[in-house]
Amino acid sequence: MLLASAVVVWEWLNEHGRWRPYSPAVSHHIEAVVAPAPAPGERGAGPGGQRLAPYIIDLQSMNQFRPDTGTLRPVRRNYYDPSSAPGKGVVWEWENDNGSWTPYDMEVGITIQHAYEKQHPWIDLTSIGFSYVIDFSTMGQINRQTQRQRRVRRRLDLIYPMVTGTLPKAQSWPASPGAAAAPPAPPCSCPQCVLVMSVKAAVANGSAGPLHPSAARKNVAPPGGAKVPPPPGPGARPLESTGTFRGPVKTVPSQAVRRQASSALAGATAGAPASPPGANGKTGRVALATLNRTNLQRLAIAQSRVLIASGVPTVPVKNLSGSSPVNPALAGITGILMSAAGLPVCLTRPPKLVLHPPPVSKSEIKSIPGVSNTSRKTTKKQAKKGKTPEEVLKKYLQKVRHPPDEDCTICMERLTAPSGYKGPQPTVKPDLVGKLSRCGHIYHIYCLVAMYNNGNKDGSLQCPTCKTIYGVKTGTQPPGKMEYHLIPHSLPGHPDCKTIRIIYSIPPGIQGPEHPNPGKSFSARGFPRHCYLPDSEKGRKVLKLLLVAWDRRLIFAIGTSSTTGESDTVIWNEVHHKTEFGSNLTGHGYPDANYLDNVLAELAAQGISEDSAAQEKD
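The text that follows walks through the structure, step by step, so that each part is easy to find. The shown structure was predicted, so the numbers you read here are calculated from the model rather than taken from an experiment. (Residues numbered from 1 in each chain as written. Predicted model: local features only at pLDDT ≥ 70, side-chain atom pairs only at ≥ 80, totals over all residues. Heavy atoms only, no water.)

1. Quick notes on the nonpolar core
- Membership of the largest hydrophobic core comes to 39 residues, with the highest contact counts inside it found for M482, I502, Y504, L533, L543 and L546.
- Those elements that place two or more of their residues in this core are β22 (481-487), β23 (499-505), β26 (529-534), α12 (537-551), β27 (556-559) and α13 (595-605).
- Take this core: its biggest share by element is 8 residues, from α12.
- For Y504, the residues in contact, after removing those within four places along its chain, are K481, M482, F527, P528, R529, C531, L546, W550, I555, F556, W572 and H577.
- Counting 21 residues, the second largest nonpolar core, distinct from the first, contains L397, L415, V428 and Y470. (Core = buried A, V, L, I, M, F, W, Y, C linked by side-chain atoms within 4.5 Å. Buried < 20%, exposed > 50% of the residue type's maximum accessible area, 1.4 Å probe, protein only. Helix = DSSP H or I, 4+ residues; strand = E, 2+ residues; numbered from the N terminus. Contact = heavy atoms within 4.5 Å.)

In structure tokens, the structure reads:
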């Protein structure tokens, strides 16, 4: 369909097959590059602005490539009605589990905005393939199946770029002839562009490997010179979606390797008709469509030898689809096809989630040196009987006879005036003021007593300003069991030591008086929960402090799950654990160089340190 005008939204294809929009700022940058008269120094294959710094967008093949991870994703240039959400700068987003905001797919955002403008109270997204309802009165997203709710928001951003004239429906791989014929911009000298241009020059010259960066700079065509070879035609079959592409960054050091590859290439093309000469008078490379199966395999093997000889890290591919073996030559064929698009690649398997270690027999499970026993049950510690809140706080406070003219940060009234707390009346006078002995922060004593009564009443107090803990802080963790032992396997990033495995088991039950809803049942999902620490000096230190935290009922609590939205269930309590054994796809695994230090800081924030471990010996 042809439109007189439209807004342009650049989008990329994620691993779930959904087209995700780039931000308006990024779309403006890309659109400026593909405009008929690009600004000096901008390149379609170069980095797309500050937000696209880790990526290369090749406008010839319409692919986004990230050199540091090797990830390759298709991109497209899509068009929408100027009166829709992208034409007005409206972005609809949902809150993910990390508390950050994720924009909806463009079509979903347009549907939500249309209903919002019509002043509908809600919109059901089932008609466009999503089992969600958006409630505009609460600004929430409700899952129709699980009833889980998330927050949504509507915010204003830049308006996406506007174009006028005769427009196609969308532009995706391969690029349209008009875009390919656009006059080239001056060559960019950044490492990303040098890498891409070196491979394009190598392909154009019939070489089987990437050139050295210095040679690539000499071979970059000046404006108005030879064109970059086009991507493979429509007959080329796409690769399996489970493959991940990793680009080589090392050069071919040996001339013998080059000669070997060149001879193999020459042998593979024997008997095949040569491609017609290019516009610059030089003989172009042989078209893949003219090679039979045998020659393609010979060409693939030659390409694979070059990649291996050049030091490119490769992973054997035994099964891509999970149903049948893959011919080893496919990895080389893949390299040929992708190098035609200007990107050197190696085919590898995508990473898999590894939650648990290999099976371990009982005889292989050992106790941890320096830590007694191999399990521990929850013990509930109560404040000493006969101690009133006033008596508990008295040992942490110093009375202030002449309070400063400042606000009490609990009731927000001046310290020179009586407390503004309106709840149950403590037995102290509302105008008394006290200073906490260690941190020196000043409050109404009336407010501190009220805060203590609303807490766990365990004989401890935490300064609401600086979080300094007075006494021994305990939590509301329900009864359960904590097991810990050594297993004979190493964690990623810790190859020189065994692994400490912790197993938490908490059954469902009835909430006690210290819980949010006393007398109501609570659930315990996902138990037993397996967690892992390296059996290093610091790993054992963390374990000992986790044992203190377990005894003080600080590992878990009862509340609302941020993952499922379920209320009255057992949740983690601000001390992060690693639940992935052999991967780190969810962020809860290894390697993680800072994890042990981070969890020590989290335990310290709960008042648990090495001194705590010394006081509560095993």
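2. Topic: α12
- With 15 residues, α12 extends 22 Å between its outermost C-alpha atoms, agreeing within 8% with the 21 Å of an ideal straight helix rising 1.5 Å per residue.
- When α12 is considered as a whole, its buried residues turn out to be G539, V542, L543, L545, L546, L547, V548, A549, W550 and D551. (Expected span 1.5 Å × (residues − 1).)

3. Observations regarding the packing of α12 against α13
- In contact at an axis separation of 10 Å, α12 and α13 are set at 25° when each is read in the N-to-C sense. Taken as axis vectors, α12 and α13 run roughly parallel relative to one another. Here the hand of the crossing between α12 and α13 comes out left-handed. Contact with α12, carried on its side by K538, G539, K541, V542, L545, L546 and A549, involves L596, D597, V599, L600 and L603 of α13 and no other residues of that element. (Axes fitted to C-alpha atoms, helices over the stretch in contact; angles between N-to-C directions. Parallel < 35°, antiparallel > 145°, perpendicular 65-115°, else oblique. Left-handed = near helix turned anticlockwise from the far one by under 90°.)

4. With respect to the environment of K377
- Residue placement: K377 occurs in strand β16 (residues 375-377).
- Given a relative accessible area of 60%, K377 falls into the exposed group.
- Sequence separation between K377 and D551 is 174 residues, and the spatial gap between their C-alpha atoms is 7.9 Å.

5. Structural notes on the packing of aromatic side chains
- A complete count under the given rule lists 12 aromatic pairs for this structure.
- Between F527 and F556 the ring centres are 5.4 Å apart and the planes differ by 65°, which places this aromatic pair in the edge-to-face class. Here the residue F527 occupies a position in the loop between β25 (521-522) and β26, and F556 occupies one in strand β27, the gap between them amounting to 29 residues. F556 carries the same exposure label as F527, and that label is buried.
- Grouping aromatic residues by their ring pairs yields a cluster made of Y504, F527, W550, F556 and W572.
- Geometry around Y470 places R438 over its ring, the cationic atom sitting 5.1 Å from the centre.
- Sitting above the plane of the F527 ring, R529 keeps its charged end 4.3 Å from the centroid. (Phe/Tyr/Trp six-rings, centres within 6.5 Å; stacked < 30°, edge-to-face > 60°. Lys NZ or Arg CZ within 6 Å of the ring centre and 35° of its normal.)

6. As for the sheet that holds strand β10 (residues 140-143)
- Here we have 6 strands laid out as an open sheet, ordered β7-β6-β11-β10-β9-β8, and antiparallel in their pairing. Unpaired on one side and paired on the other, β7 (101-103) and β8 (122-124) mark the two borders of the sheet. Neighbour-to-neighbour, the strand axes of this sheet turn through a mean angle of 30°, independent of strand direction.
- Here helix α3 (residues 106-117) sits on the sheet in contact with β6 (90-95), β8, β9 (132-135) and β11 (149-156), set at roughly 105° to β6. (Pairing = 2+ DSSP bridges.)

7. Observations regarding a positive patch on the surface
- Taken together, K394, K399, R401 and K429 make up a surface patch of like positive charges.
- Mapped onto the elements of the fold, K399 is located in strand β17 (residues 397-399). (Patch = residues over 30% accessible without salt bridge, like charges linked within 9 Å, V, L, I, M, F, W, Y side chains within 5 Å. Areas by Shrake-Rupley, 256 points an atom, 1.4 Å probe, with all protein chains shown as cover. Salt bridge = Lys/Arg side-chain N within 4 Å of Asp/Glu carboxyl O. Lys, Arg positive; Asp, Glu negative; His and termini not counted. Charge placed at Lys NZ, Arg CZ, Asp CG, Glu CD.)

8. What to know about helix α1 (residues 24-34)
- For α1, the set of buried residues is P24, V26, S27, I30, E31 and V33.
- Where α1 is buried, its residues meet β1 (5-13), β3 (56-58), β5 (71-80) and β12 (162-164).

9. A short note on the pairing of β6
- Of all 6 residues that make up β6, 5 are buried, and the element is covered over most of its length.
- Direction of pairing for β6 relative to β11: antiparallel, over a ladder of 5 bridges. Residue E93 lies in a different strand from β11, and its bridge partner there is R153.
- One ladder, built from 3 bridges, connects β6 with β7; its direction is antiparallel. Each residue of the ladder has a partner; that of E93, found in β7, is P103.

10. Side note on the sheet that holds β17
- Pairing is antiparallel in the open sheet, where 3 strands are placed in the order β17-β18-β19. Where the open sheet ends on each side, the last strands, each with one partner, are β17 and β19 (442-444). The sheet shows a mean angle of 40° between the axes of neighbouring strands, direction not considered.
- Lying over the sheet, helix α11 (residues 445-453) contacts β17, β18 (433-436) and β19, oriented at roughly 80° with respect to β19.

11. Comments concerning unusual backbone geometry
- Put simply, F527 and P528 share a cis peptide bond, and its omega is 0°.
- Residue position: P528 is located in the loop between β25 and β26.
- The step from Y590 to P591 runs through a cis peptide bond, and the omega angle for that step is 5°.
- Along the polypeptide, P591 turns up in the loop between β28 (569-572) and α13.
- A positive phi is found at Q119, a non-glycine position, where the angle reads about 60°.
- Take Q119: it is sitting in the loop between α3 and β8.
- For Q119, a relative accessible area of 71% gives the class exposed.
- Even without a glycine there, the phi angle at K467 is positive, about 70°.
- When you line up the elements, K467 lands in the loop between β20 (461-462) and β21 (469-470).

12. Here we look at a nonpolar patch on the surface
- On the surface, a nonpolar cluster with roughly 260 Å² of combined accessible area is contributed by L353, L355 and L585.
- Tracing the sequence through the fold places L585 in the loop between β28 and α13.
- Looking at L585, the relative accessible area reads 47%, which means it is partly exposed.

13. Some points on the pattern of salt bridges
- Evaluation of the coordinates by the stated rule reveals 22 salt bridges.
- D105 is the salt-bridge partner of R18, the closest N and O atoms lying 2.6 Å from each other. Residue R18 is located in the loop between β1 and β2 (19-21), and its partner D105 is located in the loop between β7 and α3; the two are separated by 87 residues in the primary sequence.
- The partner of E610 in a salt bridge is K541, with the nearest N and O atoms 3.2 Å apart. Here E610, found in helix α14 (residues 610-615), pairs with K541, found in helix α12; they are 69 residues apart in sequence, far enough to count as distant.
- Since its relative accessible area comes to 52%, E610 is described here as exposed.

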